[in-house]
Amino acid sequence: MRRRKSTSPRPTNRRPDPPAPRLADGTGIPRGPRFMNVLNRLRAAFGAVTPEGGDPQVFRAAVRATADPKFGDYQANGCMALAKALQQNPRELASAVREAVDLEPTAGKPEIAGPGFLNVRLHDEWVAEQLSVLLNDPAHGLTPPESPRTVVIDFSSPNVAKPMHVGHIRSTVIGDSLARIFEALGHKVVRDNHLGDWGSQFGMILWGWKNHRDDDAYATDPVAELSRLYRLAQARIKAGEKEVEEAARAETAKLHAGDAENRELWTRFMPFCLKALQTIYDRLGVRFDVELGESFYDPMLAEVVADLEAKGLAEESEGATVAFVAGMKAPFIIRKRDGAYNYGTTDLATIRYRGQTWDPDQVLYVVDSRQGDHFKQLFDVARRWGYDGAALEHVAFGTILGADRKPFKTRDGDVVGLESLLDEAVAEARKIVDANSPGIDPETRGRIAEIVGLGAIKYADLSQNRLSDYVFDWSKMLAMNGNTATYLQYAYARIQSIFRRGEIRPEQVRERRPPLILTHPAERGLGVRLLRLPEVLELAALELKPNILTDYLFDLASAYSTFFEDCPVLKAESAERRDSRLALCDLTAQTLKFGLGLLGIDVVDQM
RNA sequence: GCGCCCGUAGCUCAGGUGGAUAGAGCGGCGGUUUCCUAAACCGCAGGCCGCAGGUUCGAAUCCUGCCGGGCGCACCA
């Protein structure tokens, strides 16, 4: 697997697994009603019996869930690689590990298979016991990390003064989900919306305002009018009108220089712009801890450049002040020929401010992959500047494409507005709800459609590997099965339906703490999966990939659907069985709701 | 030209740090509903993992070269 480019050192790079739990009796066996991260438990056990000459960290890392259930639930693959290094027979090595390792009470002795795999099958009783613990665990099996980290997540970051469009959804949704996942794992998260409120796009708006404004239109809808002016300026510059380009640049420079008129206009426009953005964020359920835009850093820029110059990191080149980065031809510009600062300068000031304010362990920039070169330069300069305390990571993502594999546009060729995209998703969802569930009252159908529609959009984005471009496809997105939010929401709704029909509340099942029975393959398959959430979240956070979570949830929902078909709940053959299955239903519902919540997606009780 | 990303089933995509017979969904074909939501479930067909070398017990995964596609490369952000 390729590693992310980490151009600055990661203090906790390859974060170690949480240490094995400290145990009072020294047996290696945890006592008491405490949920255990299964993977970490097994890794600790195998790591402890790493053969002489092996690296325990490597050996334990080779433990993972099996790809195929016929090989058991988990497998330890470390013996083969180690045998090679030690020039020993892998099966003999595996045999020695098998004898030494103690997995009780979690599992029995592993089985040796193939060239030296060690296959682990969890004890049904242990799985059942863990599920009972999980049933009443508000933390969903998550335990606080040994050393919580501070993670700044820079995401969404739209330019103000123009409506958000489809291009903003990925950063917003991926960043929000990563924030939720890190928080759930017990880390401190700072969600920062680095607004584009100070750049040259504002100069274009100012130029438009002074030359082409429509006062009536502004009175009616300020943001729409400002957006029109921006697009007008942009179009004329793009058409090669140098004088417009120069004029807009001059307006930007005047704004930055403190020109009274431009500052007044900026101050006047901003509240409208922010309010428009807030409307979308509210609808998406996205919030920020801070929204420190480019304007916030403006007062620091001159000093940043002076400091870089003083430290010999910046130099003059073709009239601009730049920093060169080894291996890259284009310089990193921190002051333009005309004296104005640009986003490189702002980003450096931001790194310093964040370091001084939060002292983060990790800073994530959830930004389009096309800005890769910029971040490579930025991180390099920042490190040489001395801000190397945090791991700076560009969480890159691909472009959203239309069916023609070109950037997603409307039929008229405009960029698709985010608001209309959401509206369309909700309208599509509404059609399906109306068709499938006419018995539900219209108002409730409307609420369901909103949740299902937004869920579809978010999930389509999150379930894809970030790095690849993705083809936007309505039919796929709102499909009722397959790896979609709708499928997961449906599984959840079916569970709620069982509780309604049985006239029983989940809380009653939880209080009863019924013993879990896992003798049916569908029961066991579901049960083993329910224990995996903590390890999945740890991996998703490590890889910075929400699609690891969506894959898990889809797998869980599939296992539930199989269970639903094969295992009657309310009409189970005994009261014990019924209670056990109700508990499995509730656990699944809890996990789906919690997991979807970490993706920023809601559930509905019926659909 | 330099750099980054991508190439896996007809289509859209998964595929931890190299592991067992490469997986889903859609589409196709065939089944399942006196039973808790059929927005579901079960089965079948469908692959030279872009190509060629290399590394090794083992490669979709790592290395090299090539082919094909996307993107970025001095004052926009």
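No experiment lies behind these values; they were computed from the predicted model shown.

Draft legend 1. Looking closely at the sheet that holds strand β4 (residues 117-120). A sheet is described by the order of its strands in space; here four strands give the open sequence β1-β2-β4-β3, paired in antiparallel fashion. Unpaired on one side and paired on the other, β1 (63-65) and β3 (111-113) mark the two borders of the sheet. Direction aside, the axes of adjacent strands within the sheet are offset by 30° on average. As judged from the three bridges shared by β1 and strand β2 (residues 74-76), these two strands associate in the antiparallel manner.

Draft legend 2. Summary view of the side chain of Thr591. Relative to the helices and strands, Thr591 resides in helix α24 (residues 575-597). Looking at Thr591, the relative accessible area reads 5%, which means it is buried. Not counting the four nearest positions on each side in its chain, Thr591 is found in contact with Leu530, Leu533, Tyr552, Leu553 and Leu556.

Draft legend 3. The arrangement of empty space enclosed by the protein in detail. On inspection of all chains with the given rule, the structure shows two cavities of 30 Å³ or more. Of the voids in this model, the largest cavity is the one considered here, and its volume is about 40 Å³. Together, Leu134, His140, Leu533, Leu587, Gln590 and Thr591 line the largest cavity. Roughly 30 Å³ of internal volume is contained in the second largest cavity. Lining the second largest cavity are Arg170, Ile174, Asp461, Leu462, Gln464, Arg466, Lys545, Pro546 and Asn547. Among the secondary structure elements, those contributing two or more residues to the lining of the second largest cavity are α6 (169-184), α17 (442-462) and α23 (546-566). Of the residues that constitute the lining of the second largest cavity, the class distribution is three nonpolar, two polar and four charged.

Draft legend 4. Spatial organisation of the packing of aromatic side chains. According to the stated counting rule, one finds 21 aromatic pairs in the structure shown. Ring geometry for Phe202 against Phe269: centres 6.5 Å apart, planes inclined by 25°, an arrangement best described as stacked. Here Phe202 is found in helix α7 (residues 200-212), whereas its partner Phe269 is found in helix α11 (residues 260-284), with 67 residues between them in sequence. Judged by relative accessible area, Phe269 falls into the buried class, the value being 0%. For the ring pair Trp209 and Tyr218, a centre distance of 4.9 Å and an interplane angle of 70° mean the geometry is edge-to-face.

Draft legend 5. The arrangement of the nonpolar core in detail. Judged by nonpolar contacts, the single largest core of 151 residues is most densely connected at Phe46, Ile153 and Leu549. In this view, Phe46 contacts Phe59, Val63, Ala76, Val97, Val101, Leu103, Pro110, Leu118 and Val120; residues no more than four positions away in its chain are not counted. Grouped together as the second largest cluster of nonpolar side chains are 31 residues, Val290, Leu313, Trp358 and Phe379 included.

Draft legend 6. Spotlight on the sheet that holds strand β8 (residues 320-323). As summarised here, the arrangement of the three strands in space is β7-β8-β9, forming an open sheet in which the pairing is antiparallel. Sheet topology places β7 (315-317) and β9 (332-335) at the edges, where each strand pairs with a single neighbour. Recorded for the sheet is a direction-independent mean angle of 50° between the axes of neighbouring strands. Judged from the three bridges that link them, β7 and β8 form a sheet pairing that is antiparallel. The residue of β8 that forms the bridge with Glu315 is Val322.

Draft legend 7. Expanded view of the domain arrangement of chain A. Here chain A is described as being made up of domain 1 (38-122), domain 2 (150-397) and domain 3 (418-597). Each of domain 1 and domain 2 has a C-alpha centre, and these two points are 49 Å apart.

Draft legend 8. Inspection of the pattern of salt bridges at higher detail. Counted according to the given criterion, the structure contains 45 salt bridges. Lys210 is the salt-bridge partner of Glu251, the closest N and O atoms lying 2.7 Å from each other. Separated by 41 residues along the polypeptide, Glu251 in helix α10 (residues 242-257) and Lys210 in helix α7 bring together distant segments of the chain. For Glu251, a relative accessible area of 11% puts it in the buried group. Classification of Lys210 by relative accessible area gives partly exposed; the value is 26%. We note a salt bridge from Glu419 to Arg283, for which the minimum N-O separation is 3.5 Å. Here Glu419, found in helix α16 (residues 418-436), pairs with Arg283, found in helix α11; they are 136 residues apart in sequence, far enough to count as distant. What makes Glu419 partly exposed here is its relative accessible area of 35%. Given a relative accessible area of 22%, Arg283 falls into the partly exposed group. Through salt bridges with shared partners, a single ionic network connects Asp176, Arg180, Glu183, Arg191, Arg287 and Asp289.

Reading guide: rules and limits
- Residues numbered from 1 in each chain as written.
- Chains lettered and ligands numbered in written order.
- Predicted model: local features only at pLDDT ≥ 70, side-chain atom pairs only at ≥ 80, totals over all residues.
- Heavy atoms only, no water.
- Pairing = 2+ DSSP bridges.
- Helix = DSSP H or I, 4+ residues; strand = E, 2+ residues; numbered from the N terminus.
- Axes fitted to C-alpha atoms, helices over the stretch in contact; angles between N-to-C directions.
- Buried < 20%, exposed > 50% of the residue type's maximum accessible area, 1.4 Å probe, protein only.
- Contact = heavy atoms within 4.5 Å.
- 1 Å grid on protein atoms, 1.4 Å probe; cavity = no way out; pocket = protein on both sides within 12 Å on 5 of 7 lines; lining within 4 Å.
- Points joined across faces, edges and corners; volume = space filled by probe spheres on them.
- Nonpolar A, V, L, I, M, F, W, Y, C, P; charged D, E, K, R; others polar.
- Phe/Tyr/Trp six-rings, centres within 6.5 Å; stacked < 30°, edge-to-face > 60°.
- Core = buried A, V, L, I, M, F, W, Y, C linked by side-chain atoms within 4.5 Å.
- Domains from an automatic or database assignment.
- Salt bridge = Lys/Arg side-chain N within 4 Å of Asp/Glu carboxyl O.

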